[in-house]
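Chain by chain, the residues:
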Amino acid sequence: FLKLFEKIQEPFYIIGVARPFDLPTIKHELVHGLFYTDQTYRSRVLETIKNLDIRTFEKALKNSGYHPAVYKDETNAYATTGMSELVEDGLSLKRTEPVKAVLKKVFVDHFHFSLARMGEQEVLDLVHRIKL
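Residues numbered from 1 in each chain as written. Predicted model: local features only at pLDDT ≥ 70, side-chain atom pairs only at ≥ 80, totals over all residues. Heavy atoms only, no water.

**Section: the nonpolar core**
Now for step 1: Formed by 29 residues in total, the largest nonpolar core has its most connected members in Tyr41, Val45, Phe57, Leu86 and Phe107.
Now for step 2: Every element with two or more residues in this core is listed here: α1 (23-37), α2 (39-50), α3 (55-64), α4 (71-81), α5 (93-111) and α6 (120-126).
Now for step 3: Dropping the residues within four chain positions of it, Leu86 is found in contact with Phe57, Ala60, Leu61, Ser64, Tyr78 and Leu91. (Core = buried A, V, L, I, M, F, W, Y, C linked by side-chain atoms within 4.5 Å. Buried < 20%, exposed > 50% of the residue type's maximum accessible area, 1.4 Å probe, protein only. Helix = DSSP H or I, 4+ residues; strand = E, 2+ residues; numbered from the N terminus. Contact = heavy atoms within 4.5 Å.)

Take a look at the structure:
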């Protein structure tokens, strides 16, 4: 599978989904891809997170089985696209609202659009598809 991408210039991020897929998941994965391929966006997110209290995210992510190395990336992806999956792992939606608002603003300020209102086709149009 990875041989299909040998000639693609880095950085790139592979998102694989099967239909039918749920839209919140593809949005979440798209934010991960942008975090890893857009260095300016990544730097802005990391700088912003330094000034935020993300302990409730970290606790829920730990309870969910995530490694500490991805807490900031996951905090950003969940805050930007939806956090309900982490509620059962102890995330308080009310306590995390300030983090959500700030990280969504960073996303919109950087990319000049919001994922919140986008439908499936609009999101898929954002994804760079490689013709094999």
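Once the structure has been displayed, the description carries forward.
**Observations concerning the packing of α2 against α5**
Now for step 1: It is at 10 Å that the axes of α2 and α5 come closest, and there the two elements cross at 155°. Overall, the two elements α2 and α5 adopt an arrangement that is roughly antiparallel. Here the hand of the crossing between α2 and α5 comes out right-handed. Facing Thr40, Tyr41, Arg44, Val45, Thr48 and Ile49 of α2, the residues of α5 in contact are Val102, Leu103, Val106, Phe107, Asp109, His110 and Phe111. (Axes fitted to C-alpha atoms, helices over the stretch in contact; angles between N-to-C directions. Parallel < 35°, antiparallel > 145°, perpendicular 65-115°, else oblique. Left-handed = near helix turned anticlockwise from the far one by under 90°.)

**Quick word on a nonpolar patch on the surface**
Now for step 1: Side chains of Phe1, Leu2, Leu4, Phe12 and Ile14 sit close together on the surface and give an oily, nonpolar patch of about 510 Å² of accessible area.
Now for step 2: Structurally, Phe1 can be placed in the segment before α1.
Now for step 3: Classification of Phe1 by relative accessible area gives exposed; the value is 66%. (Patch = residues over 30% accessible without salt bridge, like charges linked within 9 Å, V, L, I, M, F, W, Y side chains within 5 Å. Areas by Shrake-Rupley, 256 points an atom, 1.4 Å probe, with all protein chains shown as cover. Salt bridge = Lys/Arg side-chain N within 4 Å of Asp/Glu carboxyl O.)

**Some thoughts on the packing of aromatic side chains**
Now for step 1: Tallied over the entire structure, the rule returns 10 aromatic pairs.
Now for step 2: Relative to Tyr36, the ring of Tyr13 lies with its centre 6.0 Å away and its plane at 5°, an arrangement referred to as stacked. Of this pair, Tyr13 sits in the segment before α1 while Tyr36 sits in helix α1, placing them 23 residues apart in sequence.
Now for step 3: Here Tyr13 falls in the partly exposed class, since its relative accessible area comes to 32%.
Now for step 4: Three or more aromatic residues link up through ring pairs in this structure, and these residues are Tyr41, Phe107, Phe111 and Phe113. (Phe/Tyr/Trp six-rings, centres within 6.5 Å; stacked < 30°, edge-to-face > 60°.)

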